[in-house]
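# A structural walkthrough
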Amino acid sequence: MLGEMWSFKGRYKILHMTWFAFFLSFVVWFNLPPLATTVKEEFNLGPAEMGTLALCNVALTVPARIIIGMLLDKYGPRLTYSVLLVYAAIPCLIFATANDFNQLVVGRLLMGIVGAGFVIGIRMTAEWFPPKEIGLAEGIYGGWGNFGSAFSALTLVIVAGTLSFFPGSVEAATAGALNWRAAIALTGIVAAIYGVIYYKNVSDTPPGKVYQRPQSARGLEVTSVKDFWLLVLMNLPLTGILMVLVWRLQKVNFLSTTAMVIVWIALVGLYLFQTYNAYTVNKDLLTGQKRYSPEDRYKFKQVAILELTYIVNFGSELAVVSMLPAFFEGTFGISKALAGFLGASYAFVNLVARPGGGLISDKLGSRRATMGFLTLFMGIGYLVMSSIPTLKETLNLGGGVIIALAVVMTMTCSFFVQAGEGSTFAIVPLIKRRVTGQIAGNVGAYGNVGAVAYLTILSLLPEWLGATGKDVAPEIINRSNVIFFQVLGVAALIVAFLCFFILEEPKGSFAEAHEGEETPPSVAATSNY
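No experiment lies behind these values; they were computed from the predicted model shown.

### What to know about the overall build of the chain
Each helix and strand counted, the chain has 22 helices and zero strands in total. Taking 2.2 N^0.38 as the reference for a compact globule, 529 residues should give roughly 24 Å; the C-alpha atoms of the chain span a radius of gyration of 22 Å, in line with that estimate. The principal-axis extent of the C-alpha atoms belonging to the chain is close to 65 × 50 × 50 Å. The buried share of the chain, taken over its 529 residues, is 60%. Counted over contacts in the chain with a minimum sequence separation of 6, partners at least 24 positions apart contribute 84%. By element, 67% of the accessible surface of the chain is carried by carbon and sulfur atoms, the whole surface being about 20100 Å². Charge centroids of the chain, computed over 36 positive and 31 negative side chains, lie 5 Å from each other.

Below is the structure:
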């Protein structure tokens, strides 16, 4: 597969076009962090407001990934991805033209929907590649696409600086200013153009292959009564984390207390409606009118464990990517551009780590063991990262040496985080093919549950440690960062234990064909579509 990958024909063409679609969605989704300090200064925002913007950026991704998973199973990845990329221009333009904090919040909330694009490519890639190669294929899709966040960190400050000197620029009159508005708007416009290109150049399946759809996309189909109740239970955190976000919006006066209560009630109603839809889809099973044959069953606990792994790997990545440039800038007293470059080191590893995790999962012979060990080493890596502020203060090293050491520690931890993501989605497409979109949506949504939870903790830590007002003492910020990384590490260690003792090896993990396929999709490899 590695040798054929550069041919840009057949399934490899689909893989390359799809990972680039994901790449652009992440460029859009993470276009704020490298420009965050500039936005903060222009609007005179404090830590609470900036924390709220970071939370808003990932909040609606939670329901969006579930809804898009449903739409994906029904309409196919080609149409779903194309529409999402065109939509990306809308929140970019809203944020780029904002005049106050409330408009910034609206722009970032709507931006969170763009982050749901990842789910779409999981199904597209699974349709074009067999189980024995699914780990590497999904890893390339996820890893190279995920590099979009690093690309934003590496380039957007430069782009914004360059655009400052264009005639008629909003910021041209201010010496040294960054035209962050034009840079953010540009990312959305490029994504929308590519959405049209993507629609015209891909198909949902290889020639001759039928795209399997569930009987209903209203809710996730399960195959046992026990699994139904576990599904209902695992849907609770998806609603709970949105309630946390609403509370945070009330704390920064975006919502009144009355409005917060009304939204909470609406979210409870949404959860009940979601449960009703799940009941409708599985009604025949619950009333005893339908029984699944052993070969047609799957265990929802597999989905539940993968949801937890995605909390601790992708959820932590989202949180760390959102705070890492500011962390380096504050810890080492360096420039915004250099801090953005160093912060990009975390996501830069995606180019090899996520495909590496998928490849290890393909070659090791046990997807369960791969998942467990990568999660274990990730937890250890975060605990090591928590020592960076302490090392800076205690080691008698030059500034450049300690920064280089911090970057090495960051990239090492990042490898295990993103390899774990690759390992997670080497398993997801193998659980139940006809509902792969919904399973991927649920697992992906849990990544955002983790991100919102972690970012909420990070935003509250200065207050818990005694900070008041917008100006927080550097020692409190350093202590907050230490505790933040420790929380990430301990959570990962707990989930690693669950992987070793509860997660099971999926059926057909290394087969030549997916469930329900009579022959390997070899036509995909030779098609010139």
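### A look at the packing of aromatic side chains
Geometry of an aromatic ring pair is reported as the spacing of the ring centres plus the angle between the planes. The tally for this structure, following the rule as stated, stands at 36 aromatic pairs. Above the ring of Tyr199, the side-chain terminus of Arg78 is found at 3.9 Å from the ring centroid. The cationic tip of Arg123 hangs over the ring face of Tyr211; the distance from NZ or CZ to the ring centre is 4.2 Å.

### A word on the pattern of salt bridges
Taken as a whole, this structure holds 12 salt bridges when the rule is applied. For the salt bridge of Glu127 with Arg123, the shortest nitrogen-to-oxygen distance reads 2.8 Å. Taken as a pair, Glu127 and Arg123 lie in helix α8 (residues 117–128) at a separation of four residues, close to a single helical turn. Glu127 sits in the buried class, given a relative accessible area of 1%. The exposure class assigned to Arg123 is buried, which follows from its relative accessible area of 1%. Across the pair Glu221 and Arg434 runs a salt bridge, and its minimum N-O distance is 2.9 Å. In this pair, Glu221 sits in the loop between α10 (180–201) and α11 (225–251) while Arg434 sits in the loop between α19 (399–427) and α20 (436–464), placing the two residues 213 residues apart along the sequence. When salt bridges that share partners are traced, they join Asp73, Arg123, Glu127 and Lys209 into one network.

### Focus on the nonpolar core
Ranked by size, the top nonpolar core spans 162 residues in total, and within it Leu104, Phe328, Tyr382, Phe484 and Phe485 carry the most contacts. No other element matches the 18 residues that helix α14 (residues 300–332) contributes to this core. Apart from the residues within four sequence positions on either side, Phe485 is in contact with Val320, Met323, Leu324, Phe327, Tyr382, Leu383, Met385 and Ser386.

### Re the packing of α8 against α20
Where α8 meets α20, the closest approach of the two axes is 9 Å, and the angle between their N-to-C directions is 145°. Viewed along their axes, α8 and α20 form a crossing whose handedness is right-handed. In contact with Val119, Ile122 and Arg123 of α8, α20 contributes Thr436, Gly437, Ala440 and Gly441. Partitioning the contact of α8 with α20 into residue classes produces three nonpolar, three polar and one charged.

### What about the environment of Ala319?
Within the secondary structure, Ala319 sits in helix α14. Classification of Ala319 by relative accessible area gives buried; the value is 0%. Linking Ala319 and Asn448, residues 129 residues apart in sequence, is a C-alpha distance of 9.1 Å. Those residues in contact with Ala319 that lie beyond four places of it in its chain are Ala451, Tyr454, Leu455 and Phe484.

### Some remarks on the packing of helix α1 (residues 10–29) against α8
The relative placement of two packed helices comes down to the angle between their axes together with the axis-to-axis distance. Running from N to C, α1 and α8 point in directions that differ by 175°, and their axes come no closer than 10 Å. As judged from the angle between their axes, α1 and α8 are roughly antiparallel. Touching Gly10, Arg11, Ile14, Leu15, Thr18 and Phe22 of α1 are Phe118, Gly121, Met124, Thr125 and Trp128, all from α8. The residue makeup of the contact of α1 with α8, split by class, is six nonpolar, four polar and one charged.

### Looking at the side chain of Asn442
Examined against the element boundaries, Asn442 turns out to sit in helix α20. When residues no more than four places from it in sequence are discounted, the contact partners of Asn442 are Ile66, Leu220, Leu231, Asn235 and Glu307.

### Re the environment of Gly400
Mapped onto the elements, Gly400 comes out in helix α19. In the structure, Gly400 is positioned 68 residues away from Phe332 in sequence and 9.6 Å away in space, judged by C-alpha atoms.

### What to know about α14
For α14, with 33 residues, the first-to-last C-alpha span of 46 Å sits near the 48 Å given by 1.5 Å per residue. Its axis deflected by about 45° at Met323, α14 carries its strongest bend there, up to four residues before the proline Pro325. Among the 33 residues in α14, 27 count as buried, and that is most of the element. Positive phi shows up at Gly333, right after α14, with a value of about 60°.

### Overview of unusual backbone geometry
With the exception of glycine, most residues fall at negative phi, and the peptide bonds are largely trans. Even without glycine at this site, Asn44 takes up a positive phi of about 55°. Here Asn44 is to be found in the loop between α2 (36–43) and α3 (47–59). Among the residues examined, Asn44 registers a relative accessible area of 55% and is labelled exposed.

Parameters at a glance
- Each chain has its residues counted from 1, running along the sequence as written.
- At least 70 in pLDDT is required for a residue's local features to be given in this predicted model, at least 80 for side-chain atom pairs to be given and counted, and no such filter applies to totals for whole chains, interfaces and linings, which use all residues.
- Side-chain calculation: all heavy atoms of the structure are included, whereas hydrogens and water are not.
- Secondary structure is summarised from DSSP: a helix means a run of H or I of at least four residues, a strand means a run of E of at least two, and numbering begins at the N terminus for each.
- For a compact globule the rule gives 2.2 Å times the number of residues to the power 0.38, and the radius of gyration it is set against comes from C-alpha atoms.
- Exposure is judged per residue with a 1.4 Å probe applied to protein chains only, and the accessible area is read against the type maximum: over 50% gives exposed, under 20% gives buried, and values in between give partly exposed.
- Two residues qualify as a contact provided that any one of their heavy atoms is within 4.5 Å of a heavy atom in the partner residue.
- In these tables, accessible area is a Shrake-Rupley quantity obtained with a 1.4 Å probe, and a residue counts as shielded only by the protein chains included in the view.
- For this count, His and the chain ends are skipped, Lys and Arg are scored as positive, and Asp and Glu as negative.
- By convention, the charge on Lys lies at NZ, on Arg at CZ, on Asp at CG and on Glu at CD.
- Only Phe, Tyr and Trp rings take part, Trp by its six-membered ring, and two of them pair if their centres are within 6.5 Å. Stacked means planes under 30 degrees apart, edge-to-face means over 60, and tilted covers everything else.
- Note on criteria: charge over ring means Lys NZ or Arg CZ within 6 Å of the ring centre, with the direction from the centre no more than 35 degrees off the ring normal.
- Whenever Lys or Arg places a side-chain nitrogen within 4 Å of a carboxyl oxygen from Asp or Glu, that contact is recorded as a salt bridge.
- Remark: nonpolar core denotes a set of buried residues (Ala, Val, Leu, Ile, Met, Phe, Trp, Tyr, Cys) joined through side-chain atoms within 4.5 Å.
- Note on geometry: axes are C-alpha line fits, over the in-contact stretch for helices, and angles between N-to-C directions span 0 to 180 degrees.
- It is the rotation of the near helix from the far one that decides the hand of a crossing: anticlockwise by less than a right angle makes it left-handed, clockwise makes it right-handed.
- Gly falls in the polar group here, along with every residue not listed as nonpolar (Ala, Val, Leu, Ile, Met, Phe, Trp, Tyr, Cys, Pro) or charged (Asp, Glu, Lys, Arg).
- Here roughly perpendicular refers to angles of 65 to 115 degrees, roughly parallel to angles under 35, roughly antiparallel to angles over 145, and oblique to all remaining angles.
- Given the number of residues in a helix, its expected span is that number minus one, multiplied by 1.5 Å.
- Fitting axes to the seven residues ending at a residue and to the seven starting there, one defines the bend at that residue as the angle between these axes.

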